[in-house]
Amino acid sequence: MDLADGAGEEEFRARLREWLAGVLPTLPPKPDPLDWPGRRAYDCGWQRRLYDAGYADVHWDAPPTQRLIFLEETERAGAPYVGANFVGLLHAGPTVAAEGTPEQRERWLPPVLRGDEVWCQGFSEPDAGSDLASLRTRAVRDGDAYVVSGSKIWTSHAEVADWCELLVRTDASGSKHRGITWLAMPMDAPGITVRPLRTLAGSTEFAEMFLDEVRVPVVNRVGEENDGWRVTMVTLSFERGTAFVGEVVACRRVLAELAGAARKNGTWDDPGVRRRLGRLSAEFRALWRLTQWNVSEAEATGGVPGIGGSVFKLRYSHARQELYDTAAAVLGPDALDLGREWSLDRLSSLSYTIAAGTSQIQANIVAERILGLPKGR
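Below is a summary of the structure that appears in this document. This one's a predicted model, so the numbers in the text were calculated from it and none came from an experiment.

The geometry of a pair of packed helices is captured by two quantities: the angle between their axes and the separation between those axes. Across the interface, helix α4 (residues 86–99) lies against helix α5 (residues 102–114) with an axial gap of 9 Å and an inter-helix angle of 160°. When the interaxial angle is binned, α4 and α5 end up roughly antiparallel. Both α4 and α5 take part in a crossing whose hand is left-handed. In this structure, α4 contributes Gly88, Leu89, Gly93, Val96 and Ala97 to the contact, and α5 contributes Gln104, Arg105, Trp108, Leu109, Val112 and Leu113. Classifying every residue of the contact of α4 with α5 gives seven nonpolar, three polar and one charged.

If you look at the biggest cluster of nonpolar residues, it comprises 42 residues, and the most contacted ones within it are Trp46, Phe70, Phe284 and Leu323. Of all the secondary structure elements, the ones that give two or more residues to this core are α1 (7–23), α2 (36–53), α3 (64–77), α7 (245–265), α8 (271–300) and α9 (308–331). For this core, the leading source of residues is α9, giving nine residues. Val96, Ile180, Val222 and Val231 belong to the second-largest nonpolar core, a separate cluster that totals 27 residues.

As enumerated under the stated definition, the model contains eight aromatic pairs in all. Measuring from centroid to centroid gives 5.3 Å for Trp19 and Tyr55, while their planes differ by 50°, and the two rings are tilted. Of this pair, Trp19 sits in helix α1 while Tyr55 is found in the loop between α2 and α3, placing the two residues 36 residues apart along the sequence. The interplanar angle of 35° and the centroid separation of 6.3 Å between the aromatic rings of Tyr55 and Phe70 together place this pair among those described as tilted. Of the two residues, Tyr55 is situated in the loop between α2 and α3 and Phe70 in helix α3; the sequence distance between them amounts to 15 residues. There is no split in this pair, since Tyr55 and Phe70 are both buried.

As a packed pair, α2 and α5 sit with axes 7 Å apart at the nearest point and diverge in direction by 100°. For the element pair α2 / α5, the angle class is roughly perpendicular. Within the contact between the two elements, α2 uses Cys44, Gln47, Arg48 and Tyr51 and α5 uses Val112, Leu113 and Arg114. Among the residues forming the contact of α2 with α5, the class breakdown is four nonpolar, one polar and two charged.

Okay, the side chain of Arg169 next. Note on placement: Arg169 falls in strand β4 (residues 163–169). Buried charged residue Arg169 carries no salt bridge. Nearest counter-charge: Asp171, at 7.0 Å. Among the polar contacts listed, one links the side chain of Arg169 to the backbone oxygen of Leu135, at a separation of 2.9 Å.

About the criteria used
Residues numbered from 1 in each chain as written. Predicted model: local features only at pLDDT ≥ 70, side-chain atom pairs only at ≥ 80, totals over all residues. Heavy atoms only, no water. Axes fitted to C-alpha atoms, helices over the stretch in contact; angles between N-to-C directions. Helix = DSSP H or I, 4+ residues; strand = E, 2+ residues; numbered from the N terminus. Parallel < 35°, antiparallel > 145°, perpendicular 65-115°, else oblique. Left-handed = near helix turned anticlockwise from the far one by under 90°. Contact = heavy atoms within 4.5 Å. Nonpolar A, V, L, I, M, F, W, Y, C, P; charged D, E, K, R; others polar. Core = buried A, V, L, I, M, F, W, Y, C linked by side-chain atoms within 4.5 Å. Buried < 20%, exposed > 50% of the residue type's maximum accessible area, 1.4 Å probe, protein only. Phe/Tyr/Trp six-rings, centres within 6.5 Å; stacked < 30°, edge-to-face > 60°. Lys, Arg positive; Asp, Glu negative; His and termini not counted. Salt bridge = Lys/Arg side-chain N within 4 Å of Asp/Glu carboxyl O. Polar contact = N/O pair within 3.5 Å; in protein donor to acceptor, adjacent residues only side chain to side chain.

Structure follows, in C-alpha cells:
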C-alpha cells in the first residue's frame, strides 16, 4: 500500500495541525502523574475533545495513512496520549468492533470513543502470565450470568476503570486453550476487590484484582463460550501490532531531543555515544517502516493485525530500553535524579520486555509461526 501523502492526506494533515494549534493552549494543566483519578479525568477530557472534533475513531476506522498522520502530528505537537483510555481505545474497543455483536458494539464502543468509560485488562494471573492459557479464574454458568471467582494481577488501570476485558476458564475438562471465555465485566459489580500495585517509578497504573463470586451477564460474553482463546488472539494482535504505534513516534522525538542534549553537555564528543545514537536512529526508522507495514496489513485483512506484530513488539521493547539506557549515558550522574526528564521513562522502559507478552514468548511466535521452526520441548 502506498503510504505517501496524497491530496486528501495533505488536507487532513493541514486541518489537524490547525486544530491542534488552536486547542492545545486551552488544555488544563496536566495532573500529578501519581493522581490516577485526576489523570483519568484529564485523559477522558482530551478524548472528548477528539470526539467533538471528529478525530476520536482514528484508531479504528480511519485509513492507515490518516491514522499514521494523526499519530505523527499529535506527537509532534505535544498533544496528550490515550493514557487511561489505553485499554478501551487500543485493546478492548477494537476487539469488540471485530468480534462483538451489533448490540455489544452499540453499547460499548460509543462511550469509549467519547471518553465516557474506561476499560482495564484482566488477563494475567499470579501463575498465568507468559503462559496465559494456564489461567485459573473460574466462571460457572448460572442462568443468565456467569459467577466468576479468582484473581488477576497487572490489571491495567483497574482502580479507575468502568469495565474489564476479562479472561476466565469456563471448561477445565479438556485443552487449556479450549476452555477460555472472553467477558466484559462491569467494575462496579459486587465481589470485586482492587489493590493498586506501586511500580518502581512510584505510580499505580497496575493492580491486583480479586473476584469473589462476581456475577457477569452472559450477554457480556464476546464470542462463544470456550472460544475465548481465539478472541484473545485478536486482542493481543491489536496490543502487539498497532497499540504501540504512537510510542514509536514519541521515541523518535526523544531521540532527537537526546542528541541535542548530548551536543550541549559535551557527551556528543564521545564516539560511543554518537554510535549509539546513530544506531538508534536507524532502529526507530526501521520500526516506523514496520509500523506502516503492520497498519497496512491490518487494513488489508479486515482490520486485525497479523503475527508481524510480534516482530515489532520484540524489537521495539529492546529498542526502547536501549534508548533510555543511552539517555542515562548522556545525563551521567543526573540520570539518578527522578525529577529529571527521561529518568522515570527509563524505569518504566524496564517493563516493556515483559508487558504485552514477554520477549521470550514473542521470539517463540516469530520462530514457530513466521520462520516455521519446530516447537521447543
